There are 2 protein chains.
Amino acid sequence: MKSKPAYTQICAAHLRIYRFQHLGSITGWDRNAMMPPKGHEARAAAEAELSAHVHALRTDAGLEPGLRAAAEESLDDDERANLREMWRDWRDANALPAALVQAKSLAGARCEHAWRGQRKANDWAGFLDNFREVVRLSREEARLRSADTGLGRYDALMDRFEPGMRSADIEAIFSGMREWLPDLASRVEATQAGPAPLMPEGPFPVAGQRAVGHALMRLLGFDFEAGRLDESAHPFTGGVPEDVRMTTRYREEDFLQSLMGTIHETGHARYEQNLPRPWLGQPLGQARSFGIHESQSLSFEMQLARSRGFAGLLSPLLCEQFGNQAAFAPDNLFRLLTRVRRGFIRVEADEVTYPAHVVLRFEIERALIEGMIEVEDIPGWWDERMGTLLGLDTRGNYRDGCLQDVHWTDGSFGYFPSYTLGALYAAQWFATLRRELPDLDQRVAAGDLAPVFLWMDAHIWSQASRWETPELVRRASGETLNANHLKAHLERRYLGS
Amino acid sequence: MKSKPAYTQICAAHLRIYRFQHLGSITGWDRNAMMPPKGHEARAAAEAELSAHVHALRTDAGLEPGLRAAAEESLDDDERANLREMWRDWRDANALPAALVQAKSLAGARCEHAWRGQRKANDWAGFLDNFREVVRLSREEARLRSADTGLGRYDALMDRFEPGMRSADIEAIFSGMREWLPDLASRVEATQAGPAPLMPEGPFPVAGQRAVGHALMRLLGFDFEAGRLDESAHPFTGGVPEDVRMTTRYREEDFLQSLMGTIHETGHARYEQNLPRPWLGQPLGQARSFGIHESQSLSFEMQLARSRGFAGLLSPLLCEQFGNQAAFAPDNLFRLLTRVRRGFIRVEADEVTYPAHVVLRFEIERALIEGMIEVEDIPGWWDERMGTLLGLDTRGNYRDGCLQDVHWTDGSFGYFPSYTLGALYAAQWFATLRRELPDLDQRVAAGDLAPVFLWMDAHIWSQASRWETPELVRRASGETLNANHLKAHLERRYLGS
């Protein structure tokens, strides 16, 4: 083994960062799932102290010379990839002056806090008072990150969520979707115009919902020796790869939302639980990107769990817990799980119309960050695109329009594309899987999900951050990301073509 | 306000330490109450990293000059007390060379791990192989702490658990107890020789036990907005003063053990929940000592919850959850909760015989640390004292004798006295309370526990670490610690005299 003292030393530094981040992940999960209200103030102070410490470790003056020295050492391919990811982390931590980070954090917290009331009050003008400053600071952030990376301003923000992906590529894909999506949605709605599917009759006791959720998590391969399912107001997957903490939320009058949410989070969880053990603690061992992460949750929720075959697996579990209802028949369940209705709200959107919500946000936030529009232009752009893409009139309805999302309130620009990238990736994975395994649907219907897990493990989970996102996609599916597979999937599932 | 820059700076340093310790308290609670088994390795590494960081902060080179400079500044009484406690923390952190801390930690972990099997196997000889090294390192620790503090060797260890308390004082108290305790236990057993109390009939469903436990916690003033009750293999009270995490353990065939354990932990919890808010983050704001902490749990469990009046409060709660059993009648409940039986095992001992278990451990560990005996002498000392104090023959029965406790395996010498100090303090608090409030027992019987809480808050909770332990005792009860009150309490409760 060749000597690589600099590389060894920066690996140790990253392992230390990983361990402190572990503490933050667990206390963050606790804050959302366990902490009583009066614990808030002390926890916020403790977490802020930890964040400052982690930031100090990530910006330690010894890192840059260490990274430069390591580049001169004899490293293998994985070590080179790790070094690349270490540089990414270093640039990310050092790109912004502390004053800007603090100002953006304060402005974002103020804007988000006020937004909770302003959204209810449909108060766009009030929102702008705070939002202007968030946008100003986000543009400053984009300018600095752009100077640092050589990327365009919006690309420099997006690269933090989707490394290696460029907005020109996304624009090329989204512009194609803009063409076929409205028509597809209309045709699907026409197809579904007949009698509505039977609605299951509640209430659905929480204990029964929990039992079904646990059974599905087991079916989907979640390792309960290395994770938990608990409850929180906003479901999420947290914790650490060695100990994944999923949450859901139960409502006795509707089990489907919690159930599909649990399946969605299980996709995230299995990615984390199956990241390669020897790489954990190093940037190389992290999940590749937000979009790739979403491709796992949507592979589980959309590709698998809303398929006709899966409805057959779900049906007996529901009958066992909630009684033998006609609504639980597989065909009816499948219809329930694939109902398409154009609506105002992104988080309530179905598989077919969801991309439209993302396309319009991408267009607006990109133009906003690049300085092509100002905050006052947002409602007009929103109304115009909701009309074109979904045929809905949102004029004056800010509450269900451009005030509906939390993402912009704290300046998380560049995040939205990841949702639809996830759907595109997931469709591309399953198209590849079907090419390799033509009887995939029959096997899923028979409850044999192993082929899906094996493929994900070989092509996604075990690869962690070894490749830039586009390279990972090419290696997994043999082609670059494109919308053909999602289009074909939607047409097959929703139009039977 | 006078300027005190050095004091202000060391307060900020301690606040930082407090916040990092917050993270460790929550992840420690999580490890015991929530963490799935495969999370262990990564958690151990993260917690070790945190411990090393906290140790680095506590031994920071800037602290000593800061403490010296602060002593020259114009401080009020509370600030002086805080400075005294900061010095205590500084001495504690700096007393031992890192090599000794690490060696003791390793030897202790090895000895404790092997002990779990050796206890079951009654393997005293095997235990000695590891235990010799633990004792050697503990003696070295005692020598260094003694040199550092000017205290005797055993006192220097005990001072970490019971600041200001000296083994000569304890010996004076315990030698008196050695005189009256065996006779008292015999007389109580004779008094209880008649028909046994009725036993409640199980099973007792966990949901019902949880409901009774929560009801009692509310009665005892636990603030559920600032804490939780969960389950763990070994019940404990953890978390932070702002967010107290209690645990218990349920067995369906016996509800009393969990219930009294929950009441015991609620005593610890209320102390933490009522530490003075403005002092939190500073050493001044910490609970005074292990013995004072135990005085709170035993005030709740022994003084309050095993009283005849409290049995009347408990009775309807049990009937509501587990049905109307004759065994739940207040008189019978009281008899159940005050049964005295001499036995081998400390953790199963009743209120009357428990001190005997502590007295013998105190004698042995003190002699061991002072070098008056060697590890080979322990069984002989144990057998002799168990015979004298409790009339039990433990010869050759190491499993139920000197191998029964975890405390010595990792070298926690000096801790055992705190248990009985807690019982003595608690009896002294209640004697004081009764002098001030002669109808206390009637008020407790009527469900009015407020006088107890008000007294504890005024004399114990709100005082935190303001005084050395003996001074706190004098201020609260008007006299120094003595065994008269415990003796009178036991005679009144168990002999009706």
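Residues numbered from 1 in each chain as written. Chains lettered and ligands numbered in written order. Predicted model: local features only at pLDDT ≥ 70, side-chain atom pairs only at ≥ 80, totals over all residues.

(A) Molecular detail of the interface of chain B and chain A. Each partner contributes to the interface: chain B provides 28 residues, whereas chain A provides 28 residues. Looking at the side of chain B that touches chain A, the elements with two or more residues in it are helix H1 (5–33), helix H2 (40–58) and strand S1 (227–231) of chain B. Top contributing element to the side of chain B that touches chain A by residue count: H1 of chain B, with 8 residues. (Contact = placed C-beta atoms within 7 Å. Helix = DSSP H or I, 4+ residues; strand = E, 2+ residues; numbered from the N terminus.)

(B) Seen up close, the sheet that holds strand S3 (residues 243–248) of chain A. All names here are of chain A. Reading across from one edge, S1-S3-S2 is the order of the 3 strands in this open sheet, with mixed pairing throughout. The sheet is open, and its two borders are formed by strand S1 (227–231) and strand S2 (237–240), each paired with just one other strand. Taken pair by pair, the neighbouring strands of this sheet meet at an average axis angle of 20°, ignoring direction. Bridge count for S1 against S3 is 5 bridges, and the pairing is parallel. Bridging across to S3, Asp230 finds its partner in Thr247. (Pairing = 2+ DSSP bridges. Axes fitted to C-alpha atoms, helices over the stretch in contact; angles between N-to-C directions.)

(C) Spatial organisation of the domain arrangement of chain A. All names here are of chain A. Parsing chain A into structural domains produces domain 1 (1–94) and domain 2 (206–339 + 418–495). Distance between the C-alpha centres of domain 1 and domain 2: 29 Å. Counting residues per element, the ones that place at least two in the side of domain 1 that touches domain 2 are helix H1 (5–33) and helix H4 (77–94). Considering every element that reaches the side of domain 1 that touches domain 2, the biggest residue donor is H1, with 11 residues. Looking at the side of domain 1 that touches domain 2 residue by residue, the class counts come to 8 nonpolar, 6 polar and 3 charged. (Domains from an automatic or database assignment. Nonpolar A, V, L, I, M, F, W, Y, C, P; charged D, E, K, R; others polar.)

(D) Local environment of the relation of the copies chain B and chain A. You can overlay chain B on chain A at an RMSD of 0.0 Å; the transform is a turn of 180° with a shift of 0.0 Å along its axis. Here the transformation between the copies is reduced to the relation of a two-fold axis. An overlap of 100% is found between the interface residues of chain B and their copies at the interface of chain A, pointing to a shared contact surface. (Least-squares fit on C-alpha atoms with pLDDT ≥ 70 in both.)

(E) Examining unusual backbone geometry more closely. Residue and element names in this part refer to chain A. Residue Gly202 is joined to Pro203 through a cis peptide bond whose omega torsion reads 0°. Within the secondary structure, Pro203 is located in the loop between helix H8 (167–191) and helix H9 (206–219). Although it is not a glycine, Ala464 sits at a positive phi angle of roughly 45°. Within the secondary structure layout, Ala464 lies in the loop between helix H18 (450–459) and helix H19 (469–477). According to the C-beta neighbour criterion, Ala464 is buried, with 27 such atoms within 10 Å. (Buried ≥ 20, exposed ≤ 12 C-beta atoms within 10 Å, placed from the backbone.)

(F) Structural context of the nonpolar core. Val359, Leu424, Tyr425 and Ala426 of chain A are the most contacted members of the largest nonpolar core, which totals 101 residues. Ranked by residues supplied to this core, first place goes to helix H16 (residues 417–436) of chain A with 10 residues. Residues in contact with Val359 of chain A, not counting those within four places in the same chain, are Phe174, Met177, Arg178 and Leu389 of chain A. Among the nonpolar cores identified, the runner-up in size contains 98 residues, and Phe255, Phe310, Leu313 and Tyr419 of chain B belong to it. (Core = buried A, V, L, I, M, F, W, Y, C linked by C-beta atoms within 7 Å.)

(G) Quick peek at H9 of chain A. Residues and elements named next belong to chain A. An ideal rise of 1.5 Å per residue puts 20 Å on 14 residues; H9 measures up with 20 Å between its terminal C-alpha atoms. Restricting attention to buried positions, one finds in H9 the residues Gln209, Val212, Gly213, Leu216 and Met217. Angularly, the buried residues of H9 cover 135° about the axis, an arc narrow enough to put them on a single face. Seen from the buried face of H9, the exposed residues on the opposite side, beyond 90 degrees, are Ala207 and Arg218. The elements touched by buried residues of H9 are S1, S3, helix H10 (256–273) and helix H12 (308–322). (Expected span 1.5 Å × (residues − 1). Arc of directions from axis to C-beta.)

(H) How the structure looks around helix H14 (residues 354–369) of chain A. Residues and elements named next belong to chain A. If you check H14, its first and last C-alpha atoms are 23 Å apart, about what 16 residues at 1.5 Å a residue would give, namely 22 Å. Counting buried residues along H14, 13 of its 16 residues qualify, which places the element largely inside the surrounding structure. In the segment just after H14, Gly371 is the residue with positive phi, at about 80°.

(I) Main features of the packing of H1 of chain A against helix H3 (residues 63–71) of chain A. All names here are of chain A. Two elements in contact, H1 and H3, have axes whose closest approach is 8 Å; the angle formed by their N-to-C orientations is 140°. Relative to H3, H1 is oriented oblique. Remark: the crossing between H1 and H3 carries left-handed chirality. Residues Ala6, Tyr7, Gln9, Ile10 and Ala13 of H1 pack against Leu63, Gly66, Leu67, Ala69 and Ala70 of H3. (Parallel < 35°, antiparallel > 145°, perpendicular 65-115°, else oblique. Left-handed = near helix turned anticlockwise from the far one by under 90°.)

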